[in-house]
Amino acid sequence: MFKLSFKSLIKNTNQHSLLNNSNCIKLFSFGSGWSGQLGLGEQVLEQLIPKQIEFDNDIILNENDKIKTGSYHALLAKDNSIHVWGQNNFGQLGLGNFIDHFKPIENKLILPQSSTQKQSKIENVECGSFHTIISTSDNKTFSFGWNSRLQCGHLPSIKTNKDNSSSSNESIEQINQPKEIEILKGKKVNAISCGFDFSIVSTVDSGVYIFGMNDCGQCNGIQSSSSVHTSKNNIIEPMENKSLTNVDIKKLSSGWGHTLLLTTDGELLSWGSNQHGQCGTGIKTKVSPITKIKIPNNLKVLDISCGSCVSAAILSDNNVYIWGSSGDGKLGLGTTQKDDLLIPTLLNTLIDNNNNNNNKNNNGMKHISFGSDHCVSLPINENENGIFYGWGFGQHGCLGFGDSLDKLKVYSTPERNDFFQKNNYKILNMKSSIDTTFSLVSLNKKI
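Here, residues in each chain are numbered from 1, in the same order as that chain's written sequence. Reporting in this predicted model follows two pLDDT cut-offs: at least 70 for local features of residues, and 80 or more for side-chain atom pairs to be given and counted; totals over whole chains, interfaces and linings ignore these cut-offs and use all residues. With hydrogens and water set aside, each side-chain value is computed from the structure's full complement of heavy atoms.

## Side note on the overall build of the chain
- The helix and strand labels rest on DSSP assignments: H or I over at least four residues marks a helix, E over at least two residues marks a strand, and numbering proceeds from the N terminus. On a plain count of helices and strands, the chain comes out with 3 helices and 30 strands.
- Partly exposed residues are those whose accessible area sits between 20% and 50% of the maximum for their type, while under 20% is buried and over 50% is exposed, using a 1.4 Å probe and protein chains only. Relative to its full complement of 447 residues, the chain shows a buried share of 55%.
- Residue pairs at least 24 apart in sequence account for 53% of intrachain contacts in the chain once pairs closer than 6 positions are excluded.
- In this description, accessible areas are obtained by the Shrake-Rupley approach with a 1.4 Å probe, and a residue is regarded as covered only by the protein chains that are shown. Per element, the accessible surface of the chain, about 20100 Å² overall, is 47% carbon and sulfur. The contact rule is simple, with two residues in contact once any of their heavy atoms fall within 4.5 Å.

If you want it as structure tokens, here you go:
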């Protein structure tokens, strides 16, 4: 009798667990995976429709987890742990080696367990093309990966020779484990952005620090010092950008060589490479200084995202505005849009597409994420919570439409993807990389 009751209890417990798991949160990826950036294993080099990434059994995802992507590496940051995968040839996974990983693996070097100290938490994370920067709740900022242009913020140590000349005695081109950035020690970080070979770190009370390559004004507002570290190739060592001292930053986003800065009061600044008008200043220039972008109809800016040489924003009318390079359908305005756009321009094709799909309660968009040459956007409408729209260069399936016949297809206008809706998922967040896209979702299905 006892055994029967016990078995019954186990059965009921397992059913209860299944019910709880039916509402769990999952991470999907699609696109290119030749270096493991999909996180789907060594056999999956290209994924044309979204597929779930498998984590260790004891890892429970939640809606506040952060998805971040470099060119060919990615990570999932939780409050107290970080899981990495993909290319690691520069040490950008921070695991202490240079081995690529095709499935998620926990990086235990960032938050080492200690029985005597209070566990710190991950607060801010961003990936450059081949480097990563992370800040924690105990005011430490770490970086690792490619550092040839000082984009990780680490300078080689200098020794004095017998003839009183100076020379470097440490190679810092590749850093394969977390290393604290000296100039940011003890400073609380509130925003990070990483471009191809430069980085921006905003602190709460100690200013904004920009470092790395500056050949196109990526570190605009900072003049090279006479330091040996900045004497060639327009490389800037970590230092404060005084022109941003009094700017309250809500979000930063960087492309290959330009940056958008969203302020807490909804204004937008830009600087850096502007050869395609991606800085939104109304003109094309090799280098654009820090400039306030004129926003249509005096609307406020809600969200921003940079592609390789293109920019996008969601304004307070909940519509997407876009500017920069017209190549590969990045602007989403159709095949007739041949010219680059130099100022924020309404993406009216996205409105038309949303309306044409019988979305009678269309309330606009709530999130946008650019990869290099493709973009995804999430609608506000609760009835559309399993829908996203994608446009641009859909190579390797990075827009998830499953088009195996034309792997290099350009989607010149936004197209609706209902994969997650059909599979009873609600999209919580999306993040794009060069030719890979990630979706954090929750299961809507009721058992």
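Still to come is the rest of the account.
## Topic: the pattern of salt bridges
- What makes a salt bridge here is a side-chain nitrogen of Lys or Arg within 4 Å of a carboxyl oxygen of Asp or Glu, nothing more. The final tally for this structure, using the stated rule, is 11 salt bridges.
- Salt-bridge contacts for glutamate 126 lead to lysine 68; the nearest nitrogen and oxygen are separated by 2.8 Å. One end of the pair, glutamate 126, is in strand β7 (residues 122-127); the other, lysine 68, is in strand β3 (residues 66-69), with 58 residues separating them in the sequence. For the pair formed by glutamate 126 and lysine 68, the shared burial category is buried.
- With a shortest N-O distance of 3.0 Å, aspartate 340 and lysine 284 are connected by a salt bridge. Residue aspartate 340 is found in the loop between β23 (320-324) and β24 (341-346), and its partner lysine 284 is found in the loop between β19 (268-274) and β20 (285-292); the two are separated by 56 residues along the sequence.
- Given the relative accessible area of 17%, aspartate 340 is considered buried.

## Side note on the sheet that holds strand β28 (residues 410-417)
- When DSSP finds at least two bridges between two strands, those strands are taken to pair. Strand order in the open sheet made by the 4 strands is β25-β26-β27-β28, with antiparallel pairing throughout. Among the strands making up the open sheet, the edge pair consists of β25 (365-370) and β28. Looking at each pair of strands side by side, their axes are set apart by 15 degrees on average, direction ignored.
- Pairing analysis gives 5 bridges linking strand β27 (residues 388-393) to β28, with the strands arranged antiparallel. What sits directly across from phenylalanine 393, in β28, is valine 410. Lines fitted to C-alpha atoms define the axes, with helix axes restricted to the stretch in contact, and inter-axis angles between N-to-C directions lie between 0 and 180 degrees.

## Description of the pairing of strand β17 (residues 249-254)
- As judged from the 5 bridges shared by β17 and strand β18 (residues 258-263), these two strands associate in the antiparallel manner. When the sheet's bridge partners are listed, serine 253 is paired in β18 with leucine 260.
- Connecting the antiparallel pair β17 and β18 is a turn made up of 3 residues.

## What about the nonpolar core?
- Put simply, buried Ala, Val, Leu, Ile, Met, Phe, Trp, Tyr and Cys residues joined by side-chain atoms within 4.5 Å make one nonpolar core. Ranked by internal contacts, the top residues of the largest apolar core, which has 30 residues, are Leu268, Val301, Ile322 and Trp391.
- For this core, the elements supplying multiple residues, two or more each, are β18, β21 (301-306), β22 (310-315), β23, β25 and β27.
- Here this core takes 5 residues from β22, the largest share from any one element.

## A few points about the layout of surface pockets
- Both cavities and pockets are sets of points on a 1 Å grid over the protein atoms alone; in a cavity a 1.4 Å probe fits but cannot get out, in a pocket the set is open with protein on both sides within 12 Å along at least five of seven lines, and lining residues sit with an atom within 4 Å of a point. Grid points are joined across faces, edges and corners, and a volume is the space filled by probe spheres set on the points. When its volume is computed, the largest pocket comes out at roughly 1000 Å³.
- Residue lining of the largest pocket: 48 residues in total, with Ile67, Lys68, Glu126, Lys251 and Lys431 positioned closest to the centre.
- For the lining of the largest pocket, the secondary-structure elements that each account for two or more residues are β3, β7, β13 (189-194), β17, β21, β25 and β29 (425-432).

## Some points on the environment of isoleucine 236
- The residue isoleucine 236 is located in strand β16 (residues 235-240) in this model.
- Taking the relative accessible area as the measure of exposure, isoleucine 236 reaches 0% and is therefore buried.
- Between the C-alpha atom of isoleucine 236 and that of leucine 150, which follows or precedes it by 86 residues, the distance is 7.2 Å.

## Some points on the packing of aromatic side chains
- Only Phe, Tyr and Trp rings take part, Trp by its six-membered ring, and two of them pair if their centres are within 6.5 Å. Stacked means planes under 30 degrees apart, edge-to-face means over 60, and tilted covers everything else. Evaluation of the coordinates by the stated rule reveals 18 aromatic pairs.
- With 6.4 Å between their ring centres and 40 degrees between their planes, tyrosine 72 and phenylalanine 130 make a pair best called tilted. Within this pair, whereas tyrosine 72 is found in the loop between β3 and β4 (73-77), its partner phenylalanine 130 is found in the loop between β7 and β8 (131-136), the two being separated by 58 residues in sequence. The same class applies to tyrosine 72 as to phenylalanine 130, namely buried.
- Judged by centre distance (5.3 Å) and plane angle (50 degrees), the ring pair of phenylalanine 90 and phenylalanine 130 falls under tilted. Pair noted here: phenylalanine 90 is in the loop between β5 (82-86) and β6 (101-106) and phenylalanine 130 is in the loop between β7 and β8, with a separation of 40 residues, a long-range link.
- Taking relative accessible area as the criterion, phenylalanine 130 reaches 13% and is therefore assigned buried.
- The structure contains a cluster of three or more aromatic residues connected by ring pairs, namely Trp34, Tyr72, Phe90, Phe130, Trp146, Phe196 and Trp256.

## Concerning the environment of asparagine 246
- Within the element layout of this structure, asparagine 246 appears in the loop between β16 and β17.
- For asparagine 246, a relative accessible area of 74% corresponds to the exposed category.
- Sequence spacing of asparagine 246 and glycine 207 is 39 residues, and the spatial spacing of their C-alpha atoms is 8.1 Å.

## Considering the side chain of asparagine 124
- As for its placement among the helices and strands, asparagine 124 is situated in strand β7.
- At 3.0 Å, the side chain of asparagine 124 and the backbone oxygen of valine 189 are in polar contact.
- Those residues in contact with asparagine 124 that sit more than four places away from it in its chain are Ile133, Ile134, Ser135, Val189, Asn190, Ala191 and Ile192. Two N or O atoms count as a polar contact when they lie within 3.5 Å, although within protein this holds only if one can serve as hydrogen donor and the other as acceptor, and sequence-adjacent residues are included solely when both atoms are side-chain atoms.

## Here's the deal with the sheet that holds β29
- An order of β2-β1-β30-β29 is seen for the 4 strands of this open sheet, with the pairing classed as antiparallel. If you trace the sheet from one side to the other, it starts and ends with β2 (46-52) and β29, each paired once. Along the sheet, successive strands turn relative to each other by an average axial angle of 15 degrees, direction set aside.

## Here we look at the side chain of asparagine 176
- Within the fold, asparagine 176 resides in strand β12 (residues 174-180).
- Those residues in contact with asparagine 176 that sit more than four places away from it in its chain are Gly91, Gly94, Leu95, Gly96, Asn97 and Phe98.

## Points about unusual backbone geometry
- With a phi close to 60 degrees, asparagine 139 is a non-glycine residue in the positive phi region.
- Of note, asparagine 139 is situated in the loop between β8 and β9 (141-146).
- Positive phi is not limited to glycine here, since asparagine 297 has a value of about 60 degrees.
- Counting through the fold element by element, asparagine 297 comes out in the loop between β20 and β21.

Note that every value here comes from positions in space, so none of it alone points to a role or purpose.
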